[in-house]
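Spelled out from the first residue to the last, the chains are:
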Amino acid sequence: MSETAAPPRILSIAGSDSSGGAGIQADIKTITMLGGYAMTAITAVTAQNTRGVQGIEVMHPDLVMDQVESCLADIGADAIKIGMLGSPEIAMRLAERLDTFAGAIVFDPVMVATSGSVLADEATIAGFGALMEIATVVTPNLPELAALTGRETVGAEEVFEVALELAEAQDTIVLAKGGHAAGDQVIDYVVSASGKLASFGHARIDTRHTHGTGCTLSAALATMLAHGQPLTHAIRIARAFTRVAIEQAPGFGEGSGPLGHEAVRKLEADD
């Protein structure tokens, strides 16, 4: 039997979505479809579907950290994706523990579910700063970018300037996702503390099935960085994966439906 290369190891630290469209479940699907080995540290358990979040139980910080230690001490990780946190204590303890982590850290500062349900209170959002300081890339959408910079809103014409402000303040790279802006085109900006690195655009997809797009994109980005891809190419692949998953959504649910992660592999096999 010939030896095969071991897959890159990605640890997802995020909340559980009982309906499978976002959070840990979306991360596992994404990482697996992109050839990575998925591990998890669950920060919160939610009762959730395409119409909203019906309940949340936040994990004790000790249990979250025990999960992280169990993975890192034995299997190890090549990249870490951080999503929903649940409490400021979890944010601060993760920032302290991961400060010396050698691989890429992708932080998706989840505040509100696609359905509109709030997933982070003000105290937790205030704790995001410590994680942004150690993150390789931070991936806010426009409402999250506004909250992280003390604004009510961020318009399409000011995304670059506001993303640069955040990148400079936290000494990180910001992938500002433009999906919440108006218009037929979706423009994402990649900005470092020294200025813009790149921008990516595509035609907006007219669909209600967008539950878990942020989770999917950040998990895909962490996986491609773990594969050793350069940042801009990793973002390009992550965006392409997410776009196809949106296009191939199975149509489940009465609200904002889940993506078709499993269809991306099928399309590749059919080519």
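In what follows, the structure referred to is the one given above.
Residues numbered from 1 in each chain as written. Predicted model: local features only at pLDDT ≥ 70, side-chain atom pairs only at ≥ 80, totals over all residues. Heavy atoms only, no water.

**Brief notes about the environment of glycine 15**
Mapped onto the fold, glycine 15 is located in strand β1 (residues 9-17). A relative accessible area of 4% places glycine 15 in the buried class. Through-space distance from the C-alpha of glycine 15 to that of glutamine 25 is 8.8 Å; in sequence the pair is ten residues apart. With near-sequence residues (within four places) excluded, glycine 15 lies in contact with Gly23, Ile24, Gln25, Thr43, Ala44 and Met84. (Helix = DSSP H or I, 4+ residues; strand = E, 2+ residues; numbered from the N terminus. Buried < 20%, exposed > 50% of the residue type's maximum accessible area, 1.4 Å probe, protein only. Contact = heavy atoms within 4.5 Å.)

**With respect to the sheet that holds β1**
Strand order in the open sheet made by the nine strands is β3-β2-β1-β4-β5-β6-β7-β8-β9, with mixed pairing throughout. Taken across any chain shown, the strands that pair with only one partner, and hence form the sheet edges, are β3 (52-58) and β9 (195-203). Where β1 meets strand β2 (residues 37-49), eight bridges bridge the pair, whose relative direction is parallel. Across the sheet, the residue bridging to alanine 14 is isoleucine 42, located in β2. Where helix α1 (residues 23-33) meets the sheet, it contacts β1, β2 and β4 (79-82), and its direction lies at approximately 150° from that of β1. (Pairing = 2+ DSSP bridges. Axes fitted to C-alpha atoms, helices over the stretch in contact; angles between N-to-C directions.)

**So, the environment of methionine 224**
Within the element layout of this structure, methionine 224 appears in helix α8 (residues 213-226). Judged by relative accessible area, methionine 224 falls into the buried class, the value being 8%. Residues methionine 224 and alanine 79, spaced 145 residues apart in sequence, show a C-alpha to C-alpha distance of 9.1 Å.

**Here's the deal with the packing of α1 against α8**
Where α1 meets α8, the closest approach of the two axes is 9 Å, and the angle between their N-to-C directions is 40°. Of the possible angle classes, the one that applies to α1 and α8 is oblique. In the packing of α1 onto α8, the handedness of the crossing is right-handed. Along its contact with α1, which presents Gly23, Ala26, Asp27, Thr30 and Ile31, the element α8 presents Cys215, Thr216, Ala219, Ala220 and Thr223. Here the residues of the contact of α1 with α8 sort into five nonpolar, four polar and one charged. (Parallel < 35°, antiparallel > 145°, perpendicular 65-115°, else oblique. Left-handed = near helix turned anticlockwise from the far one by under 90°. Nonpolar A, V, L, I, M, F, W, Y, C, P; charged D, E, K, R; others polar.)

**A closer look at the nonpolar core**
Within the largest apolar cluster, 45 residues are counted, with the highest numbers of intra-cluster contacts made by Leu11 and Leu98. A per-element tally of this core places helix α7 (residues 159-170) first, with six residues. By size, the runner-up hydrophobic cluster in this structure holds 29 residues, among which are Ile31, Leu225, Ala226 and Ala245. (Core = buried A, V, L, I, M, F, W, Y, C linked by side-chain atoms within 4.5 Å.)

**What about the pairing of strand β8 (residues 185-192)?**
When strand β7 (residues 173-176) meets β8, the two strands line up antiparallel, connected through three bridges. Of the residues in β8, the one forming a bridge with alanine 176 is tyrosine 189. Connecting the antiparallel pair β8 and β9 is a turn made up of two residues.

Honestly, that's just the spatial picture; any functional story needs more than this.
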